[in-house]
Amino acid sequence: MIPSKNALLFTRKLDTALSSYAPYVDRSLNFPHKIDHNDLCYKLFKVHGFTWGGDWVNSKDYKKII
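Predicted, not measured: the structure shown is a model, and the values here were computed from it.

A. Region of the structure containing the packing of aromatic side chains. In the structure shown here, the tally under the stated rule is three aromatic pairs. Where Tyr 24 meets Phe 31, the ring centres are 5.0 Å apart and the plane angle is 65 degrees; that geometry is what we call edge-to-face. On the basis of relative accessible area, Tyr 24 is assigned to the partly exposed category, the value being 22%. The ring of Phe 31 has Lys 34 sitting right over it, with the charged end atom 5.6 Å from the ring centre.

B. Here's a closer look at the environment of Gly 54. Counting through the fold element by element, Gly 54 comes out in the loop between helix 1 (40-47) and strand 2 (60-61). Among the residues examined, Gly 54 registers a relative accessible area of 8% and is labelled buried. Taking C-alpha positions, Gly 54 is 7.5 Å from Asp 36, a pair spaced 18 residues apart along the chain. Ignoring sequence-local partners within four residues, the contact set of Gly 54 consists of Lys 60, Asp 61 and Tyr 62.

C. The environment of Phe 50, seen in detail. By the secondary structure assignment, Phe 50 is in the loop between helix 1 and strand 2. Its relative accessible area of 35% is what places Phe 50 among the partly exposed residues. Spatially, the C-alpha atoms of Phe 50 and Ile 65 are 6.4 Å apart, while their sequence positions differ by 15 residues. Ignoring sequence-local partners within four residues, the contact set of Phe 50 consists of Phe 45, Ile 65 and Ile 66.

Rules and cut-offs
Residues numbered from 1 in each chain as written. Predicted model: local features only at pLDDT ≥ 70, side-chain atom pairs only at ≥ 80, totals over all residues. Heavy atoms only, no water. Phe/Tyr/Trp six-rings, centres within 6.5 Å; stacked < 30°, edge-to-face > 60°. Buried < 20%, exposed > 50% of the residue type's maximum accessible area, 1.4 Å probe, protein only. Lys NZ or Arg CZ within 6 Å of the ring centre and 35° of its normal. Helix = DSSP H or I, 4+ residues; strand = E, 2+ residues; numbered from the N terminus. Contact = heavy atoms within 4.5 Å.

The structure is reproduced here in structure tokens:
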């Protein structure tokens, strides 16, 4: 999982320190290494009872699987 492409977001606005993440904030776009509900990584972890940070309500942590 590549952090810059699956970043932690508290809002849709990025801190200037995270400006390199800007191209990956719009999750409707397709780009390499993006984790979403169609990704094999997501599906395999979900089958085994894990939850994904991309499903969280108050923030989105697209690289977090717990």
